[in-house]
Structures are given as C-alpha cells and as structure tokens.
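# Structure at a glance
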Amino acid sequence: MKTVNMHEAKTHLSKLVEAAVKGEPFVIARAGKPLVKVMVIEDEPPPRLGFLAGQDSVPDDFDTMFAEEIQTLFEGSDGGA
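Described below are features of the structure shown in this document. (Residues numbered from 1 in each chain as written. Predicted model: local features only at pLDDT ≥ 70, side-chain atom pairs only at ≥ 80, totals over all residues. Heavy atoms only, no water.)

Another point: the overall build of the protein chain. Looking only at helices and strands, the protein chain features three helices and three strands. Its helices and strands in sequence order give the protein chain the pattern β-α-α-β-β-α, from N to C terminus. Residues classed as buried in the protein chain amount to 12% of the 81 residues present. A sequence separation of at least 24 residues applies to 23% of the contacts in the protein chain between residues at least 6 apart. Surface summary for the protein chain: the accessible area is close to 7,100 Å², and the carbon and sulfur share equals 57%. (Helix = DSSP H or I, 4+ residues; strand = E, 2+ residues; numbered from the N terminus. Buried < 20%, exposed > 50% of the residue type's maximum accessible area, 1.4 Å probe, protein only. Contact = heavy atoms within 4.5 Å. Areas by Shrake-Rupley, 256 points an atom, 1.4 Å probe, with all protein chains shown as cover.)

Spelled out as structure tokens, the structure:
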C-alpha cells in the first residue's frame, strides 16, 4: 500500500482519491508516522428501519398486514354503519 506524506497528499489529493476509488488505497503520514488510511467506501445496503428491522425479506402478507385493525380505526368498531 502506498504511503504519502501530508504535503504530497495535499498537493495530489484529487489524483490519490481517484486511485483509491479504482482500488488503490493509500496511507497519509506525518513525519513518517502513518496517520490515516484512505480507501473507497463500499456500497452498503441501507439499514432496515422500523418493525421489519432484522428480517431478511418483506413478509408475503405485507400489503394486507393489520388491514382489519386499520379498517376499525377508520370506521369504528361497529363497521361504520
């Protein structure tokens, strides 16, 4: 892995970042001491939110989940009559 000093990193940042995006990470050092590693951020799936968090897939009945409860909330317990 390539190591560059702080001055070189500032001078050639665009070129270094372009190389990192192509799979060539590098280390920035100050006075010969490595400080940071620059590498591409891999695409990660977005976190699952809410009540489906941690599930591998959407349930088959997702479109009708809680349909009766929702209908009751809109129409009331007597069916809206």
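Having put the structure on the table, let's press on.
The nonpolar side chains of soluble globular proteins are, as a tendency, buried together. Residues Val-4, Ala-9, Leu-16, Ala-20, Phe-26 and Ile-28 constitute the largest nonpolar core, which totals six residues. For this core, the secondary-structure elements that each account for two or more residues are helix H2 (13-21) and strand E2 (26-30). What Leu-16 contacts, discounting residues up to four positions off in sequence, is Lys-2, Val-4, Glu-8, Ala-9 and Phe-26. (Core = buried A, V, L, I, M, F, W, Y, C linked by side-chain atoms within 4.5 Å.)

What follows covers the pattern of salt bridges. One pass over the structure, following the stated rule, counts one salt bridge. Among the ionic pairs, Glu-18 bridges to Lys-22, the shortest N-O distance being 3.5 Å. (Salt bridge = Lys/Arg side-chain N within 4 Å of Asp/Glu carboxyl O.)

Read across the sheet, three strands follow the order E1-E2-E3 without closing on themselves; strand pairing throughout is mixed. Strands with a single pairing partner mark the edges of an open sheet, and in this sheet they are strand E1 (2-5) and strand E3 (33-38). If you compare each strand with its neighbour and ignore which way they point, the axes differ by 35° on average. Lying on the sheet, H2 is in contact with E1, E2 and E3; it crosses E2 at an angle near 145°. (Pairing = 2+ DSSP bridges. Axes fitted to C-alpha atoms, helices over the stretch in contact; angles between N-to-C directions.)

For Ala-31, which is not glycine, the phi dihedral falls at a positive 55°. Tracing the chain through its elements places Ala-31 in the loop between E2 and E3. Ala-31 sits in the exposed class, given a relative accessible area of 85%. One non-glycine residue, Phe-66, adopts positive backbone phi at about 60°. The residue Phe-66 is located in the loop between E3 and helix H3 (67-75) in this model. Under the relative-accessibility criterion, Phe-66 is labelled partly exposed at 49%.

Sheet analysis places E2 next to E3, joined by five bridges and oriented antiparallel. In the strand pairing of E3, Ala-29 is matched with Pro-34. The antiparallel hairpin formed by E2 and E3 contains two residues in its connecting segment, where Ala-31 sits at a positive phi of about 55°.

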